[in-house]
Amino acid sequence: SLERFLYLLSVRRRNRVTFEKGILPLLRQGDYRRAMKAASQSDSAIGRIMAAGLGRLLANSRREEVEYAMEEGLMEVLPRLEKRTQYLATLANIATLLGLLGTVTGMIVTFQAITQSGGGDSRLMADGISQALVTTVLGLVVAIPLLFLHSLLASRSKGLIQVLEQQSAGLIALHLSGASRRD
């Protein structure tokens with residue numbers, strides 16, 4: 001989870017620098033060729049998406065073709081942004097189920113003790129109840145932080161995806177507004 005957190009921070013920073021300092025000023029100037037070059041030379045997600053769109057734009061493609069190219073670029077980037085995030089949710093669910101399994105086995109031990117001793121030996125019952133409670137707590141201690149991390153990373157991934165989509169839509173809007181081009 002630390003790796004994912006650091007990766008998403010890095011992607012966010014690279015996207016911001018690439019877009020705000022490299023591509024966007026050139027687009028505002030109408031210099032689509034230099035914007036295409038800046039996007040192509042960038043290793044950022046936004047660079048790949050913008051390069052796909054600008055390539056079609058410079059080829060005088062229709063608006064739909066530019067949009068499709070940018071959507072394809074986004075589809076290439078999505079798996080990298082969401083990679084391994086689902087493992088945290090899976091591990092949290094497994095931890096919860098293992099806690100539940102321990103609870104059930106602890107209660108089975110308790111009922112077996114009651115059956116064997118006729119209900120009189122409280123120490124045997126306490127052992128089973130203790131086992132049930134300890135495994136429940138351990139399952140929750142593992143599951144709760146994992147669910148929190150999963151939520152955090154999933155929301156960061158979605159936030160990055162929304163920014164990428166907004167910036168892509170901005171290129172289309174800029175093109176449709178008829179901004180002067182200096183190819």
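Residues numbered from 1 in each chain as written. Predicted model: local features only at pLDDT ≥ 70, side-chain atom pairs only at ≥ 80, totals over all residues. Heavy atoms only, no water.

Chemist: Which parts of the structure should I look at to understand a negative patch on the surface?
Modeler: Residues Glu-71, Glu-72, Glu-76 and Glu-165 make up a contiguous surface patch of negative charge. Per-element accounting of the negative patch gives the leading share, 3 residues, to helix H4 (residues 63-82). Mapped onto the secondary structure, Glu-72 falls in helix H4. (Patch = residues over 30% accessible without salt bridge, like charges linked within 9 Å, V, L, I, M, F, W, Y side chains within 5 Å. Areas by Shrake-Rupley, 256 points an atom, 1.4 Å probe, with all protein chains shown as cover. Salt bridge = Lys/Arg side-chain N within 4 Å of Asp/Glu carboxyl O. Lys, Arg positive; Asp, Glu negative; His and termini not counted. Charge placed at Lys NZ, Arg CZ, Asp CG, Glu CD. Helix = DSSP H or I, 4+ residues; strand = E, 2+ residues; numbered from the N terminus.)

Chemist: Would you explain the pattern of salt bridges in this entry?
Modeler: Once their charged atoms are close, side chains differing in charge can pair, the charge on each being opposite to the other. Under the counting rule described, the total for this entry stands at 4 salt bridges. A salt bridge links Arg-4 to Glu-3, with the nearest nitrogen and oxygen atoms 3.1 Å apart. Arg-4 sits in the buried class, given a relative accessible area of 5%. For Arg-34, the salt bridge is made with Asp-31, and the minimal N-O distance between the two is 3.4 Å. (Buried < 20%, exposed > 50% of the residue type's maximum accessible area, 1.4 Å probe, protein only.)

Chemist: I tried to follow the packing of helix H1 (residues 2-29) against helix H3 (residues 45-58) on my own but got confused; where do I start?
Modeler: Working note: a packed helix pair is described by the angle between its axes plus the distance between those axes. Between H1 and H3, the least distance of the axes is 8 Å, while the angle of their chain directions is 30°. Between H1 and H3, the crossing angle belongs to the class labelled roughly parallel. Between H1 and H3, the contacting residues are Asn-15, Thr-18, Phe-19, Ile-23 and Leu-27 on the first element and Ala-45, Ile-46, Gly-47, Met-50 and Leu-54 on the second. A class-by-class count of the residues in the contact of H1 with H3 yields 7 nonpolar, 3 polar and no charged. (Axes fitted to C-alpha atoms, helices over the stretch in contact; angles between N-to-C directions. Parallel < 35°, antiparallel > 145°, perpendicular 65-115°, else oblique. Contact = heavy atoms within 4.5 Å. Nonpolar A, V, L, I, M, F, W, Y, C, P; charged D, E, K, R; others polar.)

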